[in-house]
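# Close look at the chain arrangement
Residue-level listing of the chains:
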Amino acid sequence: MRAIHAGAMNPHWITFGAAVVTMAAALAGWYLVRGSTAVPATMWAAAAALALAYEAAVTATGGLQGQAAESCARLVVVAFGVGPAMSVLGAKRPQHGVWQFIVAALVGVLSMPAVTAVLVRPGSMPDLHLLEQLFLPLLVAIGFLNFIATTRFASAIMVAGGQVVLMWSFLPIVGDGQRLPTTVEAIGAWVMAAGAILAALQAMWWPASAWVARGASGAIDRPLIALRETLGAAWTLRVIERFNAVAVERGWPCRLRFAGLVLTQDARDGRWEADAIRCVRSLLRRFASAAWIERHSGQSPIRSLLADKTVD
């Protein structure tokens, strides 16, 4: 009985549980972002969680013996972990599909020291170049900064924090090849899982339309904010830049901002609005299907129900 209890309390099994929960949240995210170019990023997130779950389970059952073997396995997990952030960087049609081969190549290159250690120098630690040691946290920082200005900032903080804990031994200066205690890694894994759950819950119960000001144009603001919450700030700012260039060229009395459409002068005639909507949707089609845009142009059913029951 004591042996069973000790096995259940093994920090590696706790990490395994966190990885399974993270994978479930990533698969839920796949459904929630369907129709957008963020789908591959959710698949990479699920693959990274699966890799972590496998590593934790094998370690807990004694399949990985020695620090060298554990470090090699962890490096592969860490390499998969940066896949989602890298995938989002190429989330623009039509190249977003081919971009996933670049992400796969990056994961392979980052894992190469582990593969070399296993095949060429069995029993040795993976030898990471300083550039790779710097590149790993850089990719985590890119993913974090892409969402820090959105309503997903809390999820971004938790996911990035969990990733740093898991890759600690590969970080320059502070890591020095030494992993954090397994209990700390288990906590970091659950922090990351909590971030993934929060992101899924926000997408499910507090959609992007919930953050649009009352009276705003649903045809423009809501899908734009949905793109911001789905792909982050980088691509949203690109859409804003292109729209504003067209607006200046055609003399529209409006500009796009990070929070939505802003009128710059009297626009009561409304003759520009149809063209502005077509322009925004044309730009958004580079990142999402027409069905996705329509889905995010209206109010969520839950908020509509609450609004119907509200008494002024």
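Since we're looking at a predicted model, the values are computed, not measured.

## As for the overall build of the protein
When helices and strands are tallied, the protein shows 14 helices and 2 strands. Looking at the protein residue by residue over its 312 residues, the buried ones come to 47%. Look at the contacts in the protein between residues 6 or more apart in sequence, and 68% of them connect residues 24 or more apart. Here the protein has roughly 15,600 Å² of accessible surface; of this, 67% comes from carbon and sulfur atoms.

## What to know about unusual backbone geometry
In this model, R93 is joined to P94 through a cis peptide bond whose omega is 0 degrees. Note that P94 resides in the loop between α5 (83–89) and α6 (96–119). Notably, I173 is not glycine yet its phi reads approximately 70 degrees, a positive angle. Residue I173 is classed as exposed on the basis of its relative accessible area, which comes to 82%.

## What about the nonpolar core?
In this structure, L227, L231, V239, F243, W252 and L256 are the most contacted members of the largest nonpolar core, which totals 30 residues. Broken down by element, this core gets its largest block of residues, 6 residues, from helix α11 (residues 233–250). When near neighbours in sequence (up to four residues on either side) are disregarded, L256 contacts I220, L224, I240, F243, N244, L261 and V280. Core analysis: the next-biggest nonpolar cluster, separate from the first, contains 21 residues, L110, A117, L139 and A160 among them.

## Here we look at the pattern of salt bridges
For the structure shown, the criterion picks out 10 salt bridges. In this structure, R74 engages E185 in a salt bridge whose closest nitrogen and oxygen atoms are separated by 3.1 Å. Of the two residues, R74 sits in helix α4 (residues 67–81) while E185 sits in helix α9 (residues 182–205), which places them 111 residues apart along the sequence. Classification of R74 as buried rests on a relative accessible area of 2%. By relative accessible area, which is 3% here, E185 ends up buried. Notably, a salt bridge pairs R179 with E185, separated by 2.8 Å at the nearest N-O pair. Among the ionic contacts, a cluster of salt bridges with common partners joins E55, E70, R74, R179 and E185.

## A word on a nonpolar patch on the surface
Together, M112, V115, V118, L119 and V120 make up a nonpolar patch on the protein surface, roughly 480 Å² of accessible area in all. Assessed through its relative accessible area of 60%, V120 is described here as exposed.

## Some points on the pairing of strand β2 (residues 260–263)
Relative to β2, strand β1 (residues 254–257) runs antiparallel, the two being bridged by 4 bridges. Note on β2: the bridge partner recorded for L256 is L261. If you look at the hairpin formed by β1 and β2, you'll find 2 residues sitting between the two strands.

## Considerations on the packing of helix α2 (residues 11–32) against α9
Put simply, α2 and α9 touch, their axes get as near as 8 Å, and they point 20 degrees apart. Classified by the interaxial angle, the pair formed by α2 and α9 is roughly parallel. The hand of the α2/α9 crossing is left-handed.

## As for the packing of α4 against α6
For the pair α4 and α6, the least separation of the axes is 8 Å and the interaxial angle reads 175 degrees. Our classification of the angle between α4 and α6 gives roughly antiparallel. Contact with α4, carried on its side by C72, L75, V76, A79 and F80, involves V107, L110, S111, P113, A114, A117 and V118 of α6 and no other residues of that element. Counted by class, the contact of α4 with α6 contains 11 nonpolar, 1 polar and no charged residues.

Thresholds, definitions, all that
Positions within a chain are numbered from 1, following the residues in the order the chain's sequence is written. The predicted origin of the model limits local features to residues at a pLDDT of at least 70 and limits the giving and counting of side-chain atom pairs to 80 or more, whereas totals for whole chains, interfaces and linings rest on all residues. Where side-chain values are given, they derive from all heavy atoms of the structure, hydrogens and water being excluded. Where helices and strands are cited, they refer to DSSP runs of H or I of at least four residues and of E of at least two residues respectively, numbered from the N terminus. Whether a residue is buried, partly exposed or exposed follows from its accessible area with a 1.4 Å probe, protein chains only, as a fraction of its type maximum: under 20%, in between, or over 50%, in that order. Residue contacts are counted whenever heavy atoms from the two residues lie within 4.5 Å of one another. Surface exposure here means Shrake-Rupley accessible area, sampled with a 1.4 Å probe, where a residue is shielded only by the protein chains that are shown. Buried residues of nine kinds, namely Ala, Val, Leu, Ile, Met, Phe, Trp, Tyr and Cys, make up a nonpolar core once their side-chain atoms join them within 4.5 Å. The term salt bridge refers to a side-chain nitrogen of Lys or Arg lying within 4 Å of a carboxyl oxygen of Asp or Glu. Residues enter a patch when their relative accessible area is above 30% and they make no salt bridge; the linking distance is 9 Å between like charges and 5 Å between nonpolar side chains (Val, Leu, Ile, Met, Phe, Trp, Tyr). Strand pairing is assigned whenever DSSP detects at least two bridges linking the two strands. The angle between two axes is taken between their N-to-C directions and runs from 0 to 180 degrees, where each axis is a line fitted to C-alpha atoms and a helix contributes only its stretch in contact. Oblique is the label for any angle not under 35 degrees, not over 145, and not in the 65 to 115 range, which are roughly parallel, roughly antiparallel and roughly perpendicular in turn. Throughout, a crossing is termed right-handed when the near helix is turned clockwise from the far one, and left-handed when it is turned anticlockwise from it by less than a right angle. In this count, Pro and Cys sit with the nonpolar residues alongside Ala, Val, Leu, Ile, Met, Phe, Trp and Tyr, while Asp, Glu, Lys and Arg are called charged and the others, Gly among them, polar.

Limitation: the analysis is restricted to geometry and does not speak to function.
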